[in-house]
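Observations on the model geometry
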Amino acid sequence: MADLNRKPGLTFYLACSWLTLVLLCSLCAGFLPFPFTLDQIDSDHLAALPGGAHLLGTDAMGRDILTRLFFGSRISLIVGSCAPLLGLVVGLLLGMPAAWFRGWSERLVLTVTDIILAFPALIFLLVFTSVLGPSLTTITLGLGLLLSPRFIRVVRANTARLREREFVLAARISGAQEVSILLKEVLPNIMGPLLAYTLVVTGYVIVVEGGLAFLGLSVPSPAPSWGGMIATGRDVLEEAPHVAIIPMATMFLTVLAVNLLGDRLGRRYDRS
Amino acid sequence: MQLIWRKLLHLLVVLLAVSALTFVMTDRLPADIAAEISGRGATAADLAEVRERLGLNRPVLSRYASWLGGVCKGKLGNSLATELPVTESLRSHLPVTLELLLLSQFFALLLAFPAGIVTAWRAGSRLDRLTGTFAFACASLPNYALAMGLVLLFSLKLKLLPATGYTPLNISLAANLKGFLLPALAISLVEWVILMRVLRSDLIATLKEDYILLARCKGLPAWRILLVHALRPSLFTFITVLGMQAASLIGGAVIIESIFALPGIGRLLVNAIFAQDYPLIQGTVLLITLAYVLINFFVDICYGLLDPRVRRGVENG
Amino acid sequence: MIGVDRQLLDISNLTVELRSQRGGIRPVDSVSFSLERGKTLALVGESGSGKSMLCRAILGLVPSQGEILYNGHIAGQLSTAAMNRIRGREIGVVLQDPLSSLNPVMTIASQIMEPMRCHLKLSKRASLEKAFRLLEAVGIPRPQERMDCYPHQISGGMRQRVAIAIALACDPQLLIADEPTTALDVTVQAEILGLLSRLQRERHMALLLVSHDLGVVAGIADEIAVMYAGRIVEQGPAKVLFERMRMRYTRALFDAIPRIDDPPNRKLPSIPDQPPDFAALPPGCRFAPRCASAGEICRSEYPPLQVDNDDRHRYACWFPCNNENQDSPHATTQRHDVENKL
């Protein structure tokens, strides 16, 4: 939409700054001296508006929102970065050989992809977390597995695009092995668009994790997560909308920033 | 024709695989369904009797096989919780999801179609950039957050629309539509973005073609160039995405259905999972998967109809 | 509507400026020429010389500076609707590759009928009949069978004939053909050129023929304008130009035409190096880097457009060819041939 050749504008830097801020917050959450702990209940200030001791107010149970926001960012960022990375790895491992060598391996991978895609995601996650116990690891694993088909498809599309290119033929003629061609020639060329896609998926995962938390299926209490905070805000939506709005805004800004970066990166590779 | 049979076979394989996996997975759920049904104070003998009655002692494969047999005869068993036939629950819940699906996709289309066309024609302009920014913002918003925002604004503050609840069509059309307006909006305000982007990008690519240049040289008015010449070849990805979004909404609108208390398929499934109501889980998953796979199948067929050249090339797709 | 002595198309100092990441570039730079009905002007130049951009500027499809007069109307002052009318009714366009310039999902008949129904407001039946007659006029055998075909179902030569029929749909006064034969087989090229020439005479149209091949236009052009790096470097009546080629670039183009009676294994003289980079044009003559006869002044100062013996013949060169001597290996035979053709 904007001219590709323009230098990164204000929005780009704003997005980067916000993400850095969130990253720092989540990293430092364990070390900073917060005045309140995660589940400390302040019965004098139930659903209090921002101001005073509680910089961002409290939720319906009297817990400080700012503290919970900080800790909640951890979950969102960890799941948001690890699950797509897992999907990326699986995508590369299965997608590249499938697109390259074709034949039965491709058909097999495509069928498996279709099966996973057709599988209702929710039930998979529910059963997965019920069986293995709901925790950060299982959620990340489950989401990562669910994301794999998308990555497989994108990897496959990008790899197939390069299959007939001259530099590949040239490498083959000079005697290079297929695997080494894949690793040295194809992989570096597809990483660009793949990373852009990964960023976009990150935004998506943050939202999905929030949705899971909303349903009560994410990492259990007392660990806060942005989605969970939004869910608790639902009960007091009319009287104290800030309880839901603050985590909503935070999540929105983070996902927006990630999307902006992913989009920018994607457009750089789109041209070529 | 042979291609169609191959796709149908593929469809069947996917269905079987998904239902088999579901069976196996739900089997691994920790809670003891027999204990749930018997309630507290049940003796061991009671539990054993319940298990026997429900056939829980048989091995997984045999249970799956008999379930499959039932499916072929059109029987999906009875819900463990309500004792009603599964098909009954599905039948009562499906229309709600379908209506939500139709309305939300309709709104998404309403937004995406003109936006995609106009921004493609005026690519790079101010309007394009503004629309793009707005679209970006919409896409970054989780639909549950949007739903809550809409409820806050329209139900709680303005008191225009109901916050929750579902009124069947046969009771009152107006009330029914009012109940669906906010949930459909919550879904469509996020989903229109991809549709618009896809349409825009395909249109921009088409507009660079020589025959569009010739159409401009012919002095044809802009609307004619856009709608008659440029649109048709640009609709492929649009339709695919539309189909995929619709397909995933069958079971995927759970959160929205929960927020607005709409008795749809998604909610049915979640409740079934929490209650560990195996037959109901199986039946619902089958329905969801079937819908998903069928819609994708039809989207594939549409391709061939849109472009006479593609009919030959579908094989390579 | 047209005054007898008024030019159909009159262009003065037409310039197209594009912004790229390396600054402004001018694919069309101060181009001036005029064209009257019944005449053919050939615009010749390499790919990348700005010819196609010039066509688009004339059609008003890209913003430009300078003056474009259609029949006395100043193009810049016309409304969009009026421009569309002119494009549709007064000007017909034939593009290079008919496979990509024809809409692949519309039948041939509908593509010919479209401008008629839009601009002439003909009924479906009337436009169908006219389309049929146009297909006959462009030499398509058994037109009734072809009407409902799609472009990919007919051969290349026929496609271009269809494209010409489309261009003629509203009986234009000006026909612009941008490399109409480049994408076709050599055998078909002559046919299409002949067709264009005949149609032009029959309908008393003005024809602007764009090509990179001087040989192609030799037979049918009344006037030739040679373009290089966005500027016209030589211009004049065809006969005069071929007899007394002055600008070195024109000569180089001429020498590069292969001849059927050349001795075998003769090396084709080609113009060295690449076409110019618009973002980094030299201050002097733009052809200087590739010119065998370039001198100091060529590199520092741009040669003005000078008039040769005949006032209609102009060229821009510091060291023009002196045709009295034997610069070209087959100058005499070429001139003889060209004179015979004309």
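These figures come from a predicted structure and were not determined experimentally. (Residues numbered from 1 in each chain as written. Chains lettered and ligands numbered in written order. Predicted model: local features only at pLDDT ≥ 70, side-chain atom pairs only at ≥ 80, totals over all residues.)

Some remarks on the pairing of strand E7 (residues 174-178) of chain C
Residues and elements named next belong to chain C. With 5 of 5 residues buried, E7 is to be regarded as a mostly interior element. Here E7 shows two buried faces, one formed by Leu 174, Ile 176 and Asp 178 and the other by Leu 175 and Ala 177. Bridging between strand E6 (residues 91-94) and E7 involves 4 bridges; their strand directions are parallel. Looking across to E7, one finds that Ile 91 is bridged to Leu 174. By the bridge criterion, 5 bridges tie E7 to strand E8 (residues 206-211) in an arrangement that is parallel. Note that in E8 the partner of Leu 174 across the bridge is Ala 206. Tracing the backbone out of E7, into helix H8 (residues 186-203) and back to the parallel element E8 gives a crossover that is right-handed. (Buried ≥ 20, exposed ≤ 12 C-beta atoms within 10 Å, placed from the backbone. Helix = DSSP H or I, 4+ residues; strand = E, 2+ residues; numbered from the N terminus. Pairing = 2+ DSSP bridges. Right-handed = clockwise from strand over helix to strand, strands pointing away.)

Topic: the confidence of the model for chain C
In the predicted model, chain C carries a mean pLDDT of 84, and the fraction of residues at 70 or more is 92%. Confidence drops under a pLDDT of 50 for residues 324-342 of chain C, and excluding neighbours within four residues, the segment shows 15 contacts in the predicted structure. (pLDDT = per-residue confidence, 0-100. Contact = placed C-beta atoms within 7 Å.)

Observations regarding the environment of His 93 of chain B
Residue and element names in this part refer to chain B. With respect to the secondary-structure elements, His 93 resides in helix H5 (residues 86-121). We classify His 93 as buried; it has 21 C-beta atoms within 10 Å. For the pair His 93 and Leu 182, spaced 89 residues apart in sequence, the C-alpha separation works out to 19 Å.

Notes on unusual backbone geometry
Residues and elements named next belong to chain C. At Glu 179, a position not held by glycine, the phi torsion is positive, near 50 degrees. Judged by the 21 C-beta atoms lying within 10 Å of it, Glu 179 falls in the buried class. Backbone geometry at His 204 places phi at a positive 55 degrees, although glycine is not the residue there. Within the secondary structure, His 204 sits in the loop between H8 and E8.

Re helix H7 (residues 143-157) of chain B
All names here are of chain B. Counted at 1.5 Å a residue, the expected span for H7 with its 15 residues is 21 Å, and the 20 Å between its end C-alpha atoms agrees. Along H7, the helix axis deviates most sharply at Val 151, where the bend reaches about 30 degrees. Along H7, the residues that are buried comprise Asn 143, Tyr 144, Ala 145, Leu 146, Ala 147, Met 148, Leu 150 and Val 151. Remark: Lys 159 follows H7 within two positions and exhibits a positive phi of approximately 55 degrees. (Expected span 1.5 Å × (residues − 1). Bend = angle between axes of the 7 residues up to and from the residue.)

Considerations on the sheet that holds strand E4 (residues 65-70) of chain C
All names here are of chain C. With respect to topology, 4 strands assemble into an open sheet ordered E2-E1-E4-E5, the strand pairing being antiparallel. The open sheet has two edge strands with one neighbour each: strand E2 (23-35) and strand E5 (73-74). Examined bridge by bridge, E4 and E5 share 2 bridges and lie antiparallel to one another. Looking across to E5, one finds that Leu 69 is bridged to Ile 74. Seen against the sheet, helix H1 (residues 51-59) touches strand E1 (9-20), E2 and E4 and runs at an angle of roughly 70 degrees to E2. (Axes fitted to C-alpha atoms, helices over the stretch in contact; angles between N-to-C directions.)

Some remarks on the interface of chain B and chain C
If you look at the interface, chain B gives 17 residues, while chain C gives 22 residues. If one sorts the elements of the side of chain B that touches chain C by residue count, helix H9 (residues 210-217) of chain B sits on top with 6 residues.

Quick look at the packing of helix H6 (residues 126-139) of chain B against helix H8 (residues 173-207) of chain B
Residues and elements named next belong to chain B. Where H6 meets H8, the closest approach of the two axes is 8 Å, and the angle between their N-to-C directions is 130 degrees. Of the possible angle classes, the one that applies to H6 and H8 is oblique. Crossing geometry of H6 relative to H8 is assigned as left-handed. Only Leu 189, Val 190, Val 193, Met 196 and Arg 197 of H8 make contact with H6, whose side of the interface consists of Ala 135, Cys 138 and Ala 139. (Parallel < 35°, antiparallel > 145°, perpendicular 65-115°, else oblique. Left-handed = near helix turned anticlockwise from the far one by under 90°.)

Remarks on the interface of chain B and chain A
Counting from both sides, the interface comprises 39 residues of chain B and, opposite them, 33 residues of chain A. Secondary-structure elements contributing two or more residues to the side of chain B that touches chain A are helix H1 (2-27), H6, H7, helix H12 (254-259), helix H13 (265-275) and helix H14 (278-306) of chain B. Broken down by element, the residue count for the side of chain B that touches chain A peaks at 8 residues, all from H1 of chain B. Class assignment of the residues belonging to the side of chain B that touches chain A gives a composition of 28 nonpolar, 8 polar and 3 charged. (Nonpolar A, V, L, I, M, F, W, Y, C, P; charged D, E, K, R; others polar.)

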